[in-house]
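Coordinate analysis (summary)
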Amino acid sequence: GAVVSQHPSWVICKSGTSVKIECRSLDFQATTMFWYRQFPKQSLMLMATSNEGSKATYEQGVEKDKFLINHASLTLSTLTVTSAHPEDSSFYICSARLSVGGVHNEQFFGPGTRLTVL
Amino acid sequence: RKEVEQDPGPFNVPEGATVAFNCTYSNSASQSFFWYRQDCRKEPKLLMSVYSSGNEDGRFTAQLNRASQYISLLIRDSKLSDSATYLCVVGSGGYQKVTFGTGTKLQVIP
């Protein structure tokens, strides 16, 4: 299957600092990438859809000024958590959609980034 | 009603048993359906797509029932390594946005 990488895999930061997470599709070009957040024992919640060369589309309740998304190329999307607070501590996962224009739009996930804000 | 609903389990089954999960979805216009597997503290991994005609991959069989708006996953001859959380994922066609169920936890017992 398609390979998606994320970096870093684990980060601990102080409250008030900003953290950038990178998501890369390694062996394919992804016009669309997705950012999810997963709290313990809960399902993945879509935060935003990242489209190459355009602004991200945020889900209701997700602050776009706090979670900055940049999709500068067909293989890279970044999520920056600005002014992080302890309640932002979570597992952040990106995914990239493999097929273009198809109905069966499987998503392949990065390994996730575990963020802990002290 | 939630967009995608699953029984959270856990389902505790002995090795070699057959187990089935169902997942219901509310949007009748949904076009794509998947089962993902997620191990503890790991990312979800695609297990199989679910096609209208149903599909089988080894010990795993997935079915789609559009009339009743549910998909199912059947696991035969359960292995210890099948222990995981199984996520039902439903997508709408045009926007390619998918919705995850909360997952069904499976524990296969020796």
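Scroll up to find the structure this text is about.
Residues numbered from 1 in each chain as written. Chains lettered and ligands numbered in written order. Predicted model: local features only at pLDDT ≥ 70, side-chain atom pairs only at ≥ 80, totals over all residues. Heavy atoms only, no water.

1. Observations regarding the nonpolar core
So the rule is basically this: What we call a nonpolar core is a set of buried Ala, Val, Leu, Ile, Met, Phe, Trp, Tyr and Cys residues that are connected through their side-chain atoms within 4.5 Å. Note on exposure labels: buried denotes an accessible area under 20% of the residue type's maximum, exposed denotes more than 50%, and partly exposed covers the range between, all computed with a 1.4 Å probe on protein chains only. Only runs of H or I of at least four residues qualify as helices and only runs of E of at least two qualify as strands under DSSP, and these elements are numbered from the N terminus.
V4(A), W35(A), F67(A), L79(A), Y92(A) and L115(A) are the most contacted members of the largest nonpolar core, which totals 26 residues. Mapped onto this core, the elements with two or more residues apiece are β2 (10-13), β3 (19-25), β4 (32-38), β5 (45-51), β7 (67-73), β8 (76-81), β9 (90-97) and β11 (113-117) of chain A. Core analysis: the next-biggest nonpolar cluster, separate from the first, contains 23 residues, V4(B), V19(B), C23(B) and V50(B) among them.

2. Notes on a nonpolar patch on the surface
Here is the rule: Any residue with relative accessible area above 30% and no salt bridge may belong to a patch, with like charges joined within 9 Å and the nonpolar Val, Leu, Ile, Met, Phe, Trp and Tyr side chains within 5 Å. Areas reported as accessible are Shrake-Rupley estimates using a 1.4 Å probe. Residue values count occlusion only from the protein chains shown. Any Lys or Arg side-chain nitrogen located within 4 Å of an Asp or Glu carboxyl oxygen qualifies as a salt bridge.
A contiguous nonpolar patch, built from W10(A), I12(A) and L118(A) and spanning about 390 Å² of accessible area, is present on the exposed surface. Within the element layout of this structure, L118(A) appears in the segment after β11.

3. Some points on the packing of aromatic side chains
For any pair of aromatic rings, the description consists of the separation of the ring centres together with the inter-plane angle of the planes. The following threshold applies: Any two rings among Phe, Tyr and Trp, with Trp reduced to its six-membered ring, count as a pair given centres within 6.5 Å; such a pair is stacked if its planes are under 30 degrees apart, edge-to-face if over 60, and tilted if neither.
Taken as a whole and assessed by the stated rule, the structure comprises 10 aromatic pairs over all chains. Relative to Y36(B), the ring of F109(A) lies with its centre 5.4 Å away and its plane at 90°, an arrangement referred to as edge-to-face. Of this pair, F109(A) sits in strand β10 (residues 107-109) while Y36(B) is found in strand β4 (residues 32-38), placing the two residues in two different chains. Relative to Y36(B), the ring of F34(B) lies with its centre 6.3 Å away and its plane at 65°, an arrangement referred to as edge-to-face.

4. Focus on unusual backbone geometry
The peptide bond linking H7(A) to P8(A) adopts the cis configuration, its omega dihedral lying at 0°. Note that P8(A) resides in the loop between β1 (4-7) and β2. A cis amide bond links G9(B) with the next residue in sequence, P10(B), at an omega value of 10°. As for its position among the elements, P10(B) is in the loop between β1 (4-6) and β2 (11-14). Within the chain, Q69(B) stands out as a residue other than glycine whose phi angle is a positive 55°. With respect to the element layout, Q69(B) can be found in the loop between β7 (60-65) and β8 (70-75). Not every positive phi belongs to a glycine, and D77(B) is a case in point at roughly 50°. Inspection of the secondary structure puts D77(B) in the loop between β8 and β9 (84-91).

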